[in-house]
Amino acid sequence: MQVSILPVGEVEEEILQELSEGLRGGGLRVTLLPCQKVPSKAFNRRRKQYRGSAFLEMAGRYGGKHVLVVTDVDLYAEPLNFVFGQAEMGGRAAVISLHRLRSADRGLFLLRVMKEALHELGHNIDLSHCPDDRCVMHFSNTLEDTDRKGPGFCGECESRREGGPLWDPS
Ligand SMILES: [Zn+2]
Ligand SMILES: [Zn+2]
């Protein structure tokens with residue numbers, strides 16, 4: 001899988017490098033695009049949050065097989081209070097927010113970022129939410145959900161896709 005990472009807003013270079021390395025370590029081909037400004041029309045004044053779909057639209061304007069936006073702002077998608085990320089099912093665009101993934105534990109933060117990135121890329125290859133709470137395609141409603149699941153895909157999710165594993169660190 002070929003993924004272009006598009007940083008939007010204030011995203012630290014180090015985490016972008018680490019995410020790229022992590023994804024490459026599982027066999028993905030990763031390109032890092034230059035950082036862009038947060039689209040002002042994405043901001044919802046009442047909620048003080050940003051509409052996730054605006055970032056997907058932004059990603060859609062870039063070339064490349066898959067475009068993963070990484071942003072620091074807090075995202076929402078109706079009817080949810082917030083989302084860790086969002087993606088087009090079977091499409092090219094995905095977005096993750098670092099806003100609610102942060103931890104004083106740097107390794108834990110990076111692992112959360114990896115999981116949410118792989119989850120959204122999983123939607124891009126048409127995987128839906130998985131009932132297995134250890135599978136990366138399990139829906140995360142809270143950080144506990146994110147921390148419980150692994151960065152890997154369960155056997156069921158792996159078998160539901162063609163063309164080999166999305167991410168295989170072994
Ligand atoms: Zn999902
Ligand atoms: Zn699964």
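Look a little higher up for the structure.
A. Quick peek at the packing of helix 1 (residues 13–25) against helix 3 (residues 106–124). In contact at an axis separation of 10 Å, helix 1 and helix 3 are set at 60° when each is read in the N-to-C sense. As judged from the angle between their axes, helix 1 and helix 3 are oblique. When you trace helix 1 past helix 3, the crossing you get is right-handed. Seen from helix 1, the contacting residues are Glu14, Ile15, Glu18, Leu19, Gly22 and Leu23; seen from helix 3, they are Arg106, Phe109, Leu110, Val113, Met114, Ala117 and Leu118. Its residues assigned to classes, the contact of helix 1 with helix 3 shows nine nonpolar, one polar and three charged.

B. Examining the nonpolar core more closely. With 34 residues, the main nonpolar core has Ile5, Leu19, Leu68, Val70 and Phe153 as its most contacted residues. Residue assignment for this core shows that the elements contributing at least two residues are strand 1 (2–8), helix 1, strand 5 (66–71), strand 8 (93–97) and helix 3. Here this core takes six residues from helix 3, the largest share from any one element.

C. Molecular detail of the coordination of the zinc ion (ligand 1). Coordination of the zinc ion (ligand 1) by the protein involves His119 (NE2), His123 (NE2) and His129 (NE2), with metal-donor separations of 2.0 to 2.1 Å. We note that the donor set of the zinc ion (ligand 1) lies within a single chain, spaced as H-x3-H-x5-H. Taken together, the residues His119 in helix 3 and His129 in the loop between helix 3 and helix 4 (143–148) connect sequence positions ten residues apart.

D. Broad picture of helix 3. Between the first and last C-alpha of helix 3 there are 27 Å, a value that for 19 residues agrees with the 27 Å anticipated at 1.5 Å per step. For helix 3, the buried fraction is high: 14 of the 19 residues fall into the buried class. The N-cap residue of helix 3 is Asp105: its side-chain oxygen and the backbone nitrogen of Gly107 are 3.0 Å apart. Following helix 3 by one or two positions, Asp126 has its phi on the positive side, about 80°.

E. Local environment of the layout of surface pockets. Estimated volume of the largest pocket: approximately 250 Å³. Surrounding the largest pocket, 19 residues form its lining, Leu80, Val83, Gly85, Glu120 and Phe139 being those nearest its centre. For the lining of the largest pocket, the elements supplying multiple residues, two or more each, are strand 7 (85–87) and helix 3. The element best represented in the lining of the largest pocket is helix 3, accounting for four residues. There is about 150 Å³ of room inside the second largest pocket. Taken together, eleven residues make up the lining of the second largest pocket; nearest its centre are Met1, Gln2, Ile125, Arg161 and Leu166. Taken together, the residues of the lining of the second largest pocket sort by class into four nonpolar, five polar and two charged.

F. Region of the structure containing the coordination of the zinc ion (ligand 2). Protein ligation of the zinc ion (ligand 2) involves Cys130 (SG), Cys135 (SG), Cys154 (SG) and Cys157 (SG), the donor distances falling in the range 2.3 Å. With four donor atoms in place around the zinc ion (ligand 2) and angles of 106 to 113° between them, the coordination shape is tetrahedral. Donor residues binding the zinc ion (ligand 2) come from one chain and are separated in sequence as C-x4-C-x18-C-x2-C. Judged on exposure class, the residue Cys130 and its partner Cys135 are both buried.

About the criteria used
- Numbers given to residues run from 1 along each chain, matching the order in which its sequence is written.
- Written order determines the labels here, with chains lettered from A and ligands numbered from 1.
- Only residues with pLDDT of at least 70 get local features here, since the model is predicted, and only at 80 or more are side-chain atom pairs given and counted; chain-wide, interface and lining totals rely on the full set of residues.
- Derived side-chain values reflect all non-hydrogen atoms in the structure, with water molecules and hydrogen atoms excluded from consideration.
- To get an axis, fit a line to the C-alpha atoms, keeping to the stretch in contact for a helix; angles then go from 0 to 180 degrees between the N-to-C directions.
- Comment: elements are numbered from the N terminus, with helices defined as DSSP H or I runs of at least four residues and strands as E runs of at least two.
- Angular relationships are summarised with four words: roughly parallel below 35 degrees, roughly antiparallel beyond 145, roughly perpendicular across 65 to 115, and oblique for the angles in between.
- Take the far helix as your reference; a near helix turned counterclockwise from it by less than a right angle gives a left-handed crossing, and one turned clockwise gives a right-handed crossing.
- It only takes one pair of heavy atoms within 4.5 Å for two residues to be counted as in contact.
- The residue classification treats Ala, Val, Leu, Ile, Met, Phe, Trp, Tyr, Cys and Pro as nonpolar and Asp, Glu, Lys and Arg as charged. All others, Gly included, are polar.
- Residues grouped as a nonpolar core are buried Ala, Val, Leu, Ile, Met, Phe, Trp, Tyr and Cys residues, joined through side-chain atoms within 4.5 Å.
- To sort residues, take the accessible area from a 1.4 Å probe on protein chains only and compare it with the maximum for the residue type: under 20% means buried, over 50% means exposed, and anything in between is partly exposed.
- Counted as donors are N, O and S atoms no farther than 2.8 Å from the metal, or 3.2 Å for Na, K and Ca; water is not among the atoms, and sites may therefore look incomplete.
- Each helix should span, by expectation, one fewer than its residue count multiplied by 1.5 Å.
- Any pair of N or O atoms that falls within 3.5 Å is considered a polar contact. Within protein, one atom must be able to donate a hydrogen and the other to accept it, and sequence-neighbouring residues count only if both atoms are side-chain atoms.
- Note on definitions: the grid is 1 Å and covers protein atoms alone; a cavity is a set of points where a 1.4 Å probe fits but cannot get out; a pocket is an open set with protein on both sides within 12 Å along at least five of seven lines; lining residues have an atom within 4 Å of a point.
- Grid points are joined across faces, edges and corners, and a volume is the space filled by probe spheres set on the points.
- Note on geometry labels: four donors, all angles 85 to 135 degrees, give tetrahedral; four donors become square planar and six octahedral when opposite donors are over 155 degrees apart and every other angle is between 65 and 115; remaining cases are irregular.

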